[in-house]
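# Reading the structure
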Amino acid sequence: MRGTVMKVFDVLKKTAMKEKKTIVFPEGEDKRILEAATRLENEGVVSAILLGNIDNIKTLAEKMDLDISKVKLIDPKAYPDFERLAEDLYKIRKDKNTFEQVKEMLCQETFFGTMLVYEKIADGMVSGAAHSTADTVRPALQIVKTAKGMHRVSSSFIMERGDEKYIFADCAINIDPDAETLTEIAYQSAQTAKAVGIDPKIAFLSFSTKGSAKGEMIDKVVEATKLFNKKYPEIPADGELQFDAAFVPSIGEAKAPGSKVAGHANVFIFPELQSGNIGYKIAQRLGNFSAVGPILQGLAEPINDLSRGCSTQDVYDLAIVTAAQATRDDK
Ligand SMILES: CC(C)(COP(=O)(O)OP(=O)(O)OC[C@H]1O[C@@H](n2cnc3c(N)ncnc32)[C@H](O)[C@@H]1OP(=O)(O)O)[C@@H](O)C(=O)NCCC(=O)NCCS
Ligand SMILES: CC(=O)OP(=O)(O)O
């Protein structure tokens with residue numbers, strides 16, 4: 001039955017605990033980050049590194065009555081190996097930045113955290129509780145870059161309510177993807193779905209179902225569906241579909257008769273970022289779904305973003321996803 005999957009986070013937590021990955025949290029002075037990272041460390045799920053001013057982090061922990069004795073604290077500016085990291089970052093950025101600029105960049109926690117992942121000092125990173133998505137993701141795009149065989153980095157959310165679980169993409173990165181990029185987003189989202197125990201059935205969403213409306217915006221979605229079905233015939237996918245046709249079996253049958261996906265989709269690919277970002281927030285705030293993400297897809301290393309509106313539980317869940325991703329070869 002659609003949406004009824006095993007308790008995803010229990011499985012991911014077990015996977016993460018087996019290998020106890022090191023996760024860096026650049027926003028160590030944020031209460032939600034501090035609480036979630038401490039809980040994860042003390043439960044033995046991950047080894048946590050918190051970045052920031054060490055005195056500030058300790059004072060905050062004391063106020064919150066948290067035992068952070070096992071958590072590693074690093075102030076990037078006082079890091080003993082800062083010069084070496086700066087030299088390595090300069091090797092990557094020398095066509096675009098001076099050595100002085102690179103040093104300034106490295107003083108920023110998100111750049112520093114990304115470099116820890118690049119250097120394999122950390123296995124993954126979770127950030128974005130206090131930074132915009134663009135500021136969180138840019139260092140990852142510039143330093144870690146796309147995984148082998150991938151052209152674009154995209155993002156998805158695991159949307160969860162009780163036993164129901166769906167994947168929404170791209171709700172955070174690609175502003176106006178072309179048909180090829182939509183195809184890649186769908187493929188990456190199918191991989192994310194499989195990793196969390198969802199057998200993917202992909203709907204390429206639109207305001208039209210099977211030609212009920214016309215126009216360039218719809219042509220792009222039709223083209224993406226065709227490209228996807230040609231490239232990945234083994235993964236069920238259909239489009240263009242309106243959300244009701246994709247989700248409600250009786251409406252799927254009426255609007256897209258004969259479709260194997262309509263009415264049963266569990267991976268929803270939005271045509272561009274406005275609909276994706278608005279769509280996930282409506283499901284989260286009006287529909288009471290928890291939204292874990294944005295999970296970055298197609299990056300060479302596991303680095304994940306948070307919404308600034310996240311809760312401590314969202315940070316905890318996303319760190320588990322990140323640690324579990326770090327155990328996979330395909331990230
Ligand atoms: C993600 C985002 C920041 C990238 O921005 P950008 O302005 O293209 O960033 P830059 O131009 O500095 O690009 C940084 C690098 O990443 C690369 N890049 C940009 N987008 C990429 C993508 N989706 N996949 C892979 N690489 C990408 C660029 O080619 C560039 O590489 P280089 O420095 O080696 O040349 C931008 O697409 C964005 O703002 N998206 C919307 C974010 C947002 O506001 N979301 C809503 C709330 S969640
Ligand atoms: C994903 C997202 O929308 O992030 P924020 O709420 O921080 O803009």
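An unreviewed UniProt entry annotates the protein as Phosphate acetyltransferase of Lactobacillus kalixensis DSM 16043. A UniProt comment under Sequence similarities (unreviewed entry) is attached to the protein, and it reads "Belongs to the phosphate acetyltransferase and butyryltransferase family." The Catalytic activity (unreviewed entry) comment attached to the protein in UniProt states, word for word, "acetyl-CoA + phosphate = acetyl phosphate + CoA".

Another aspect to go through is the overall build of the protein. A tally of regular secondary structure across the protein gives 13 helices and 11 strands. Here the C-alpha atoms of the protein give a radius of gyration of 20 Å, agreeing with the 20 Å that 2.2 N^0.38 yields for 331 residues. Classification of the 331 residues of the protein by burial places 56% in the buried group. For the protein, the share of sequence-separated contacts (at least 6 apart) that also reach a separation of at least 24 residues comes to 71%.

Around ligand 1, a shell composed of 17 residues is seen, among which Lys96, Thr133, Val153, Ala172 and Ile173 lie nearest. Between ligand 1 and the protein, one listed contact pairs an oxygen atom with a side-chain N or O atom of lysine 145 at 3.5 Å. Within the side chain of arginine 152, a nitrogen or oxygen atom sits 3.3 Å from a nitrogen atom of ligand 1. Within the complex, the protein chains bury 65% of what would otherwise be the 930 Å² of accessible surface of ligand 1. Counting residues per element, the ones that place at least two in the shell around ligand 1 are helix H7 (133–144) and helix H12 (273–285).

What follows covers the site of ligand 2. In the neighbourhood of ligand 2, the contacting residues comprise Thr133, Phe157, Asn277, Tyr280, Lys281, Pro294, Ser307 and Arg308. Between ligand 2 and the protein, one listed contact pairs an oxygen atom with a side-chain N or O atom of serine 307 at 2.7 Å. One of the side-chain N or O atoms of arginine 308 is found 2.7 Å from an oxygen atom in ligand 2. Considering ligand 2 on its own, with 260 Å² of exposed area, one finds that the protein chains cover 86% of that surface. With 3 residues, H12 is the single largest residue contributor to the shell around ligand 2. For the shell around ligand 2, the per-class residue count stands at 3 nonpolar, 3 polar and 2 charged.

Each aromatic ring pair is specified by the distance between its two centres and by the angle formed by the two planes. Across all of its chains, the model carries 14 aromatic pairs by this definition. Ring plane angle 85° and centroid distance 5.1 Å describe the contact between tyrosine 79 and phenylalanine 112, whose orientation is recorded as edge-to-face. Here phenylalanine 112 lies in helix H6 (residues 109–118) and tyrosine 79 lies in the loop between strand E3 (72–74) and helix H4 (82–93), a separation of 33 residues in the sequence. Assigned by exposure class, tyrosine 79 and phenylalanine 112 land together as buried.

Considering all chains together, one arrives at 17 salt bridges under this definition. In this structure, the salt-bridge partner of lysine 91 is aspartate 88, at a minimum N-O distance of 3.3 Å. Taken as a pair, lysine 91 and aspartate 88 lie in helix H4 at a separation of 3 residues, close to a single helical turn. Judged by relative accessible area, which is 56%, lysine 91 ranks as exposed.

So, on to the UniProt feature "domain: Phosphate acetyl/butaryl transferase" (unreviewed entry) in the protein. Cross-referencing UniProt, the feature "domain: Phosphate acetyl/butaryl transferase" (unreviewed entry) maps to residues 10–323 in the present numbering. In the segment residues 10–323, helix accounts for 46% and strand for 17%; the C-alpha atoms at its two ends are 13 Å apart.

The biggest cluster of nonpolar side chains holds 56 residues, and the ones touching the most others in it are Phe25, Leu50, Ile202, Phe204 and Ile269. In terms of residue count, helix H13 (residues 312–326) provides more of this core than any other element does, 8 residues in total. Aside from chain neighbours lying at most four places away, what touches isoleucine 269 is Ala169, Leu182, Ile185, Ala186, Ser189, Ile202, Ala203, Phe204 and Leu205. One finds Tyr79, Ala86, Phe112 and Met115 within the second-largest nonpolar core, a separate group that totals 29 residues.

Rules behind the numbers
- Residues numbered from 1 in each chain as written.
- Chains lettered and ligands numbered in written order.
- Predicted model: local features only at pLDDT ≥ 70, side-chain atom pairs only at ≥ 80, totals over all residues.
- Heavy atoms only, no water.
- UniProt positions renumbered as here; feature names shortened; annotations may be inferred.
- Helix = DSSP H or I, 4+ residues; strand = E, 2+ residues; numbered from the N terminus.
- Rg over C-alpha atoms; globule rule 2.2 N^0.38 Å.
- Buried < 20%, exposed > 50% of the residue type's maximum accessible area, 1.4 Å probe, protein only.
- Contact = heavy atoms within 4.5 Å.
- Near = heavy atom within 4 Å.
- Polar contact = N/O pair within 3.5 Å; in protein donor to acceptor, adjacent residues only side chain to side chain.
- Areas by Shrake-Rupley, 256 points an atom, 1.4 Å probe, with all protein chains shown as cover.
- Nonpolar A, V, L, I, M, F, W, Y, C, P; charged D, E, K, R; others polar.
- Phe/Tyr/Trp six-rings, centres within 6.5 Å; stacked < 30°, edge-to-face > 60°.
- Salt bridge = Lys/Arg side-chain N within 4 Å of Asp/Glu carboxyl O.
- Core = buried A, V, L, I, M, F, W, Y, C linked by side-chain atoms within 4.5 Å.

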